Amino acid sequence: MPSPELSAVHIHPVKSLAACTVGEAAVEPWGLDGDRRWMLVDTAGKVVTQRQQPRMALISATPVPGGGIVLAAPGSAALAVEVPEPGETTGVLLHRSRLDVVEAAESAHAWLCEYLGTEVRLVHLDAPDRRRLIDPAYARPGETVSLADGFPLLLTTLSSLGALNSLIADGDHAGEGPLPMDRFRPNAVVAGTAAWAEDGWTRLSIGDVTFRVVKPSARCVITTTDQGTARRGTEPLRTLARHRLSGKELLFGQNLIPDTAGVIRVGDPVRILG
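Residues numbered from 1 in each chain as written. Predicted model: local features only at pLDDT ≥ 70, side-chain atom pairs only at ≥ 80, totals over all residues. Heavy atoms only, no water.

A closer look at the sheet that holds strand β21 (residues 262–265)
The following threshold applies: DSSP bridges decide pairing: two strands pair if at least two such bridges lie between them. Helix and strand assignments follow DSSP, with helices taken as H or I runs no shorter than four residues and strands as E runs no shorter than two, numbered in order from the N terminus.
In spatial order, the strands read β4-β3-β21; together these 3 strands make up an open sheet with antiparallel pairing. For this open sheet the edge positions go to β4 (31–32) and β21, each flanked by a neighbour on one side alone. Sheet analysis places strand β3 (residues 24–28) next to β4, joined by 2 bridges and oriented antiparallel. Each residue of the ladder has a partner; that of E28, found in β4, is G31.

So this is what it looks like as structure tokens:
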């Protein structure tokens, strides 16, 4: 078997919009540079994701210098959105966490509302001290995360996806497979491992950057959403429920917390340290 290496890097500038595939990314303590610094909220200030709006998968947010983004979607003219000026903040709810953010320009709200057909607002996490503390059951004191669900990075492996697709092919809903990796919205994809080997990892390095492997990733309905069409099926949750159930959680991938900063690049060696 070849030595493990980093085969892909993805960032998600706006939480739950389409992923951006990049050749390299800077690792900050709270996640990859440019990953999940923006998100959508509803009129009550609660986060909106593909769980509620699967059509979000069809919207891309391309980062531009300075931290801004360009929104694009089928049938809509692209819209450049600048980082909002520091100023008045608004309180929002990201799952069980309350935090303060800055709203984007009204033009961004209008563009998103028109495409999604519902009232949403685009907000930006503008200051380091507004990040959320990671669950202390898994983190060291003071470790934070941006707008990801719970942890700074998500890692998956190509071999485990292959094993999962084989299980899907052997099941009742074989026609839904094979599934691409974008269903799982990872930051780092690793090649050259045995299937499910990541279940036993506790520490690893990617290039010169080291990480703790802190918790398997519990998967939700977003994984059943075709990221190219926004249509939903039953896989992979149906198969994960049969083969990857732990308590009430359906598992695929591992959550990481960085121990050091640096840059990870496609092709970097991945070393298992524990």
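Remarks on the environment of P269
The condition that has to hold: Type-normalised accessible area, obtained with a 1.4 Å probe on protein chains alone, sets the label of each residue: buried when under 20%, exposed when over 50%, and partly exposed for intermediate values. Any pair of residues with heavy atoms lying within 4.5 Å of one another is described as a contacting pair.
Following the sequence through the fold, P269 ends up in the loop between β21 and β22 (270–272). Taking the relative accessible area as the measure of exposure, P269 reaches 35% and is therefore partly exposed. Apart from residues lying up to four places away in sequence, P269 is in contact with P4, E5, S205, I206 and G207.

Points about the nonpolar core
Note the threshold: We define a nonpolar core as any set of buried Ala, Val, Leu, Ile, Met, Phe, Trp, Tyr and Cys residues linked to one another through side-chain atoms lying within 4.5 Å.
Ranked by internal contacts, the top residues of the largest apolar core, which has 24 residues, are L40, I59, L71, V81 and L122. Looking at this core, the elements that each hand over two or more residues are β5 (38–41), β8 (69–73), β9 (76–81) and α1 (106–116). Tallying contributions element by element places α1 first for this core, with 6 residues. Counting residues in each nonpolar core, the second largest holds 20 residues, with C20, V27, L32 and L256 among its members.

Section: α1
Structural remark: α-helix, 3.6 residues per turn; residues separated by three or four positions point the same way. By the burial criterion, the buried members of α1 are A108, H109, W111, L112, C113, Y115 and L116. Buried residues along α1 sit in contact with β5, β8, β9, β11 (97–103) and β12 (121–124). In the segment just after α1, G117 is the residue with positive phi, at about 70 degrees.

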